[in-house]
Amino acid sequence: MGHKLKIAGWLSVGALAGALTTVSLQTVARGNLAPLPLEELQQLAAVFGMVKSDYVEPVDERKLISEAISGMVASLDPHSQYFDKKSFKEFSEGTSGKFVGVGIEISQEDGLVKVVSPIEGSPADRAGLKPNDLITKIDDTAVKGLSLNEAVKRMRGEPKTKVLLTIFRKSENRTFPVTIIREEIKTQSVKSKVIEPGYGWIRVSQFQERTVDDFARKIEEMYKQEPKLKGLVLDLRNDPGGLLDAAVALSAAFLPENVTVVTTNGQLEESKFTYKATPQFWRRNSSNDPITRMTAATGGALKKVPLVVLVNEGSASASEIVAGALQDYKRGTLMGSQTFGKGSVQTVRQLGPDTALKITTARYYTPSGRAIQAKGIVPEVMLDETENGNLFSALRTREADLEKHLSNGKEAEEKKDPAREKAREEAMKKLEEESKKPVAERRLPEFGSDKDFQLIQALNQLKGLPVKASTTLAERKVEKKDD
């Protein structure tokens, strides 16, 4: 494996819309490229020249070339992308789970930014910000009217710079300013708790650099608190993916040693690879192997504890690798709804100091050889989102709904249903309306709360109690395309 990993570099997989992807920061030689199409290149040069000389106002040559590259790469599939300086920095921050800011999880309420929770030990935490605080101004800019993304950008910045937040604390009915000095923040992608005696819940929201360490530490803490755990729920709902080695490590925590976790296959020789449940496939240095440490500390308890894995349409890529591997080996019961279906691997190759190309280089397959691309993982037990039915999840966008998505490679493509497309649009509007409501008034409860219907059903499954399975959800089948 060593030689191939040296070529392939650092790999990760993730979904659309900011999710993480495969990373390879080393250039691979290409000796089998076909001759370049000279006539088409001449046309490109001619168009560039005409735009440069004839357009109504002067244009930036660098911007023109950058946009041309972006358009070429974007035409391939939804996950290939050209990174300019700004987008490459954002991508790198997402992959590492680190960014420079104040350290708060936020949502939106009444047009203002609401503090969901300060990240433990962050500048915001030390400054005394509390859950449910409302941010009304960022420096001299009123928050009302800003999107969440715009607000986030204003709160982020360079290390050791100041940002002035104006806070309205409803519980005290007062407004006050807080000056916070920005610093590097490490996001937390793993949450856990003992739900009730004998039963634990661990949620992985993204596969980042620190995820494996955090996962192992949380499991060790859980077993210290509850050494006779009778059942565990692994929650991968809305996990968009992330680093491939983290997905392999997490799978290996539950599986027998040295079994196949995932295979990849593409044009390049180094893209044809098998990843196994062995430390060499995830260990980044010889002194740090959190999975082996955790397995020893818990006496191998995770290899045999009864397990339920919760997934939904937002579970994509790396989380589908974990779900698919655990399902193939019958290690646990998958519950929820059909996953997103992103079964492709992207490789990021740097073009310069701060630009890069992210390009799809392989499909990945479960240990039994199932292709996940544009299909996803189908759980054994389908669950609605709430006791009253399925409000939104069955209508959310999946890989097969994306324009120019990569084909499955093994099966026919799924046809788009116009009625479902219309229903999806309506459901997404309702979902946006729900997200603006105060948490207590939302129709979908927080994952891991005592009102989490799917989690309650997972616990019933572990206890051998009746489970209220969905009577409406069904696998979305693929159909043959029209000729």
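Residues numbered from 1 in each chain as written. Predicted model: local features only at pLDDT ≥ 70, side-chain atom pairs only at ≥ 80, totals over all residues. Heavy atoms only, no water.

Colleague: Before we move on, can you summarise the side chain of glutamine 373 with the specific residues and values?
Modeller: With respect to the helices and strands, glutamine 373 occurs in the loop between strand E20 (356–365) and strand E21 (381–382). In this structure the side chain of glutamine 373 is engaged in a polar contact, spanning 2.9 Å, whose partner is the backbone nitrogen of glycine 343. (Helix = DSSP H or I, 4+ residues; strand = E, 2+ residues; numbered from the N terminus. Polar contact = N/O pair within 3.5 Å; in protein donor to acceptor, adjacent residues only side chain to side chain.)

Colleague: So what's going on with the pairing of strand E13 (residues 231–235)? Which residues, and what values?
Modeller: Of all the 5 residues making up E13, 5 are buried; the element is thus mostly covered by neighbouring parts of the structure. Alternating residues of E13 divide into Gly231, Val233 and Asp235 and Leu232 and Leu234, and every residue in both groups is buried. The β-α-β motif built from strand E12 (residues 199–204), the intervening helix H7 (residues 211–225) and the parallel element E13 has right-handed crossover chirality. (Buried < 20%, exposed > 50% of the residue type's maximum accessible area, 1.4 Å probe, protein only. Right-handed = clockwise from strand over helix to strand, strands pointing away.)

Colleague: Could you give an account of the sheet that holds E21, naming the residues involved and the relevant values?
Modeller: The strand order across the open sheet built from 6 strands is E11-E12-E13-E17-E18-E21, with neighbouring strands paired in mixed fashion. The sheet is open, and its two borders are formed by strand E11 (190–196) and E21, each paired with just one other strand. Sheet strands touched by H7: E11, E12 and E13. Its angle to E11, the strand with the most contacts, is close to 20°. Across the sheet, helix H12 (residues 453–463) touches E11, E12, E13, strand E17 (307–311) and strand E18 (333–336), and the angle it forms with E17 is around 160°. (Pairing = 2+ DSSP bridges. Contact = heavy atoms within 4.5 Å. Axes fitted to C-alpha atoms, helices over the stretch in contact; angles between N-to-C directions.)

Colleague: An account of unusual backbone geometry is needed here, citing residue identities and associated values.
Modeller: Look at aspartate 139: it is not a glycine, yet its phi comes out positive at around 55°. In this structure, lysine 160 is a non-glycine residue whose phi angle is positive, near 70°. Secondary-structure assignment places lysine 160 in the loop between helix H6 (148–155) and strand E8 (162–169).

Colleague: I'd love a proper account of a nonpolar patch on the surface, names of residues and values included.
Modeller: Taken together, the side chains of Leu36, Leu38, Leu41 and Leu44 define a hydrophobic patch exposed on the protein surface, amounting to about 430 Å² of accessible area. By the secondary structure assignment, leucine 44 is in helix H2 (residues 38–54). (Patch = residues over 30% accessible without salt bridge, like charges linked within 9 Å, V, L, I, M, F, W, Y side chains within 5 Å. Areas by Shrake-Rupley, 256 points an atom, 1.4 Å probe, with all protein chains shown as cover. Salt bridge = Lys/Arg side-chain N within 4 Å of Asp/Glu carboxyl O.)

Colleague: Explain the packing of helix H8 (residues 244–254) against helix H10 (residues 318–328) to me, using residue names and the numbers behind them.
Modeller: Between H8 and H10, the least distance of the axes is 9 Å, while the angle of their chain directions is 25°. When the axes of H8 and H10 are compared, the pair comes out roughly parallel. As for the relative orientation of H8 and H10, their crossing is right-handed in sense. Taken together, the residues of H10 that come into contact with H8 (itself represented by Leu244, Ala247, Leu250, Ser251 and Phe254) are Ala318, Ile321, Val322, Ala325 and Leu326. Looking at side-chain class alone, the contact of H8 with H10 contains 9 nonpolar, 1 polar and no charged residues. (Parallel < 35°, antiparallel > 145°, perpendicular 65-115°, else oblique. Left-handed = near helix turned anticlockwise from the far one by under 90°. Nonpolar A, V, L, I, M, F, W, Y, C, P; charged D, E, K, R; others polar.)

Colleague: I'd love a proper account of the packing of aromatic side chains, names of residues and values included.
Modeller: All chains considered together, the criterion is met by 5 aromatic pairs. Among the aromatic side chains, those forming a connected cluster through ring pairs are Phe273, Tyr275 and Phe281. When the ring centre of phenylalanine 176 is taken as origin, the NZ or CZ atom of arginine 174, which lies over that ring, is 4.1 Å away. Lysine 193 extends its terminal NZ or CZ atom over the ring of tryptophan 201, reaching a point 5.7 Å from the ring centre. (Phe/Tyr/Trp six-rings, centres within 6.5 Å; stacked < 30°, edge-to-face > 60°. Lys NZ or Arg CZ within 6 Å of the ring centre and 35° of its normal.)

Colleague: Please give an account of the pairing of strand E6 (residues 134–138) that cites residues and values.
Modeller: Alignment of strand E5 (residues 112–118) against E6, held across 2 bridges, turns out to be antiparallel. Of the residues in E6, the one forming a bridge with valine 113 is isoleucine 135. As paired strands, E6 and E8 are joined by 4 bridges and run antiparallel to one another. Along E8, the bridge assignment pairs leucine 134 with phenylalanine 168. Sheet topology places E6 next to strand E7 (residues 141–142); 2 bridges connect them, and they run antiparallel.

Colleague: Could you give an account of the nonpolar core, with specific residues and numbers?
Modeller: Counting 54 residues, the largest nonpolar core has Phe207, Phe215, Leu232, Leu234, Phe254 and Leu302 as the members making the most contacts within it. With 9 residues, H8 is the largest single contributor of residues to this core. (Core = buried A, V, L, I, M, F, W, Y, C linked by side-chain atoms within 4.5 Å.)

Colleague: Quick rundown of the pattern of salt bridges? Include the residues and the values.
Modeller: Considering all chains together, one arrives at 15 salt bridges under this definition. The closest approach of N and O atoms between arginine 217 and glutamate 221, which form a salt bridge, is 3.5 Å. Here the residue arginine 217 and the residue glutamate 221 both occupy positions in helix H7, the gap between them amounting to 4 residues, near one helical turn. A salt bridge links aspartate 452 to arginine 237; the shortest N-O distance between them is 2.6 Å. Taken together, the positions of aspartate 452 in the loop between helix H11 (418–435) and H12 and arginine 237 in the loop between E13 and strand E14 (241–243) put the pair 215 residues apart, joining distant regions of the chain. One exposure class covers both aspartate 452 and arginine 237, and it is buried.

Colleague: Could you give an account of the packing of H7 against helix H9 (residues 290–297), with specific residues and numbers?
Modeller: Interaxial distance between H7 and H9 falls to 9 Å at its minimum, and their mutual angle equals 10°. If you check the angle between H7 and H9, you find them roughly parallel. Residues Val212, Asp213, Phe215, Ala216, Arg217, Ile219 and Glu220 of H7 pack against Pro290, Ile291, Arg293, Met294 and Ala297 of H9.

Colleague: Can you break down the environment of threonine 263 residue by residue, with the values?
Modeller: Along the chain, the position of threonine 263 falls in strand E15 (residues 260–265). A relative accessible area of 22% places threonine 263 in the partly exposed class. The sequence separation of threonine 263 and lysine 276 amounts to 13 residues, and the corresponding C-alpha distance is 8.8 Å. Apart from residues lying up to four places away in sequence, threonine 263 is in contact with Phe273, Thr274, Arg363, Tyr364 and Tyr365.

Colleague: Explain the confidence of the model for the protein to me, and be specific about the residues and the numbers.
Modeller: Of all residues in the protein, 79% have pLDDT values of 70 or greater, and the mean over the chain is 82. Taken as a whole, residues 1–31 scores under 50 in pLDDT and shows 97 contacts with residues more than four places along the chain or in a different chain. Scored below 50 in pLDDT, residues 479–483 makes 9 contacts in the model with residues more than four places away or belonging to other chains. (pLDDT = per-residue confidence, 0-100.)

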